[in-house]
There are 2 protein chains.
Amino acid sequence: MSITLYTSETSIGMVSHIALEESGLEYELIAMDFSSQQQSSQEYLRINPKARVPSLVAPQGVITETPAILTYLAQLSPESAIGLPSDLFIQAQIQSFNAYLCSTVHVAHAHKQRGKRWVDNEVALKAMTENVPITMALCFDMIEHSMLQGPWVHGDMFSISDPYLYRISSWAAADGVNIDDYPTIKAHRSAMAARSSVQTVEAFFRSVS
Amino acid sequence: MSITLYTSETSIGMVSHIALEESGLEYELIAMDFSSQQQSSQEYLRINPKARVPSLVAPQGVITETPAILTYLAQLSPESAIGLPSDLFIQAQIQSFNAYLCSTVHVAHAHKQRGKRWVDNEVALKAMTENVPITMALCFDMIEHSMLQGPWVHGDMFSISDPYLYRISSWAAADGVNIDDYPTIKAHRSAMAARSSVQTVEAFFRSVS
């Protein structure tokens, strides 16, 4: 079975990259060059017309959107660390957490450097950027106090939610949030950084950059 | 098995409500009153600290976020119209479509009346609102030309993506998008409106409003 992940060093694609490492599946990685707008090339738009990463090219076709890629990889590697639990309610908690990251936290973050997705007005873009520390702190509060069970997102069981949180929480400092205010998230970052999957992914981008 | 859905007439909760009707599962419905900010009451915050609808109260606990609720309901009713296909790649296409609606299309729409989620500045809010017809048209273009297979989202097979698109596409006119420019989406709306699940849900809110 042939799997190829299109990703980039600075993007949310890292989540799927870590998940692939955790899955034990064989895969090929294609690192996109955002500085040359490679994600908007005609060649890439045939893979993903949304001009975003990640895209996972599976034998049957292309899968986009991080929550969908993560679930697919988990289903392909049921015995790996990211295999889904059999309990449907716990599966739903995983999907709920991932949906919150994708629709609320990632979106709050994107208002800093990707504000032109929603507005084309310098005053508005500046106001959006200035507000990011507030909205991101609200998201981190919610994760710290109402979601993250510890040590992993869903308690003792590692899951696809963990690489997702690891990537999102890496934005804290640049988004004006002090990670020391969130001890459970901070401990989660340390636990993730110690995993060989994360070390492999981070070493890969050091080697190509 | 006891299931309760917290929803409201004007919210994305309608998607889960239609899915419940399609599932054949028994459920109780609680219609929230947004005009009195019931979603921010202490009582409701114990159910969903995000102060949003929908929330699905299942025997094991609460599930939030539309994509997670939809998948859970589909798994609970595998023989119903919303049962998931066995093919994992097709399941991934369903999750990908739902993630796009939740993280991109719903978010674009929310910049009209929910802009204070991201900014607290009148100039910025006005600029956001004015841009909504442009961003929503881009989303409808993407759905019409690259996603919606017809007659249902994923072709001949009805799925949880269909009530989700039906709700999102109902915003077209108010968001400044002419549905006549999108014949496949328009036909999808007609096909959905003919289903008894949709008629039951729409009749319910006519009866309580």
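Quick caveat: nothing in here was measured; it's all calculated off a predicted structure.

### Quick notes on the domain arrangement of chain A
All names here are of chain A. Its domain assignment divides chain A into domain 1 (4-82 + 197-208) and domain 2 (88-195). With centres defined by C-alpha atoms, the gap from domain 1 to domain 2 works out at 19 Å. If you look at the interface, domain 1 gives 20 residues, while domain 2 gives 18 residues. Buried area between domain 1 and domain 2, summed over both chains or domains, comes out near 1,600 Å², and the portion from carbon and sulfur atoms is 63%. Across the domain 1-domain 2 interface, the total number found is one salt bridge.

### Remarks on helix H1 (residues 13-23) of chain B
Residue and element names in this part refer to chain B. For H1, the tally of buried residues reaches 10 of 11 residues, placing the bulk of the element in the interior. If you check which residues of H1 are buried, you get Gly13, Met14, Val15, Ser16, His17, Ile18, Ala19, Leu20, Glu22 and Ser23. Following H1 by one or two positions, Gly24 has its phi on the positive side, about 80°.

### Things to note about the confidence of the model for chain A
The pLDDT averaged across chain A works out to 96; a share of 100% of its residues lies at or above 70. For this predicted complex, the interface score ipTM comes out at 0.97, alongside a pTM of 0.97.

### Some details on unusual backbone geometry
The amide bond that connects Val53(A) to the next residue, Pro54(A), takes the cis arrangement and shows omega of 0°. In this structure, Pro54(A) sits in the loop between helix H2 (42-47) and strand S3 (55-58). Going from Gly150(A) to Pro151(A), the amide bond is cis rather than trans, its omega being -5°. In this fold, Pro151(A) is placed in the loop between helix H5 (122-147) and helix H6 (161-169). A positive phi angle, near 60°, is found at Gln37(B), a position not held by glycine. Accessibility expressed as a relative area gives 48% for Gln37(B), which makes it partly exposed. Unlike most non-glycine residues, Glu65(B) shows phi in positive territory, near 80°. Within the element layout of this structure, Glu65(B) appears in the loop between strand S4 (61-64) and helix H3 (66-76). In this structure Glu65(B) comes out as buried when scored by relative accessible area, which is 14%.

Parameters and conventions
Residues numbered from 1 in each chain as written. Chains lettered and ligands numbered in written order. Predicted model: local features only at pLDDT ≥ 70, side-chain atom pairs only at ≥ 80, totals over all residues. Heavy atoms only, no water. Domains from an automatic or database assignment. Contact = heavy atoms within 4.5 Å. Buried area = accessible area lost by both parts, 1.4 Å probe. Salt bridge = Lys/Arg side-chain N within 4 Å of Asp/Glu carboxyl O. Buried < 20%, exposed > 50% of the residue type's maximum accessible area, 1.4 Å probe, protein only. Helix = DSSP H or I, 4+ residues; strand = E, 2+ residues; numbered from the N terminus. pLDDT = per-residue confidence, 0-100.

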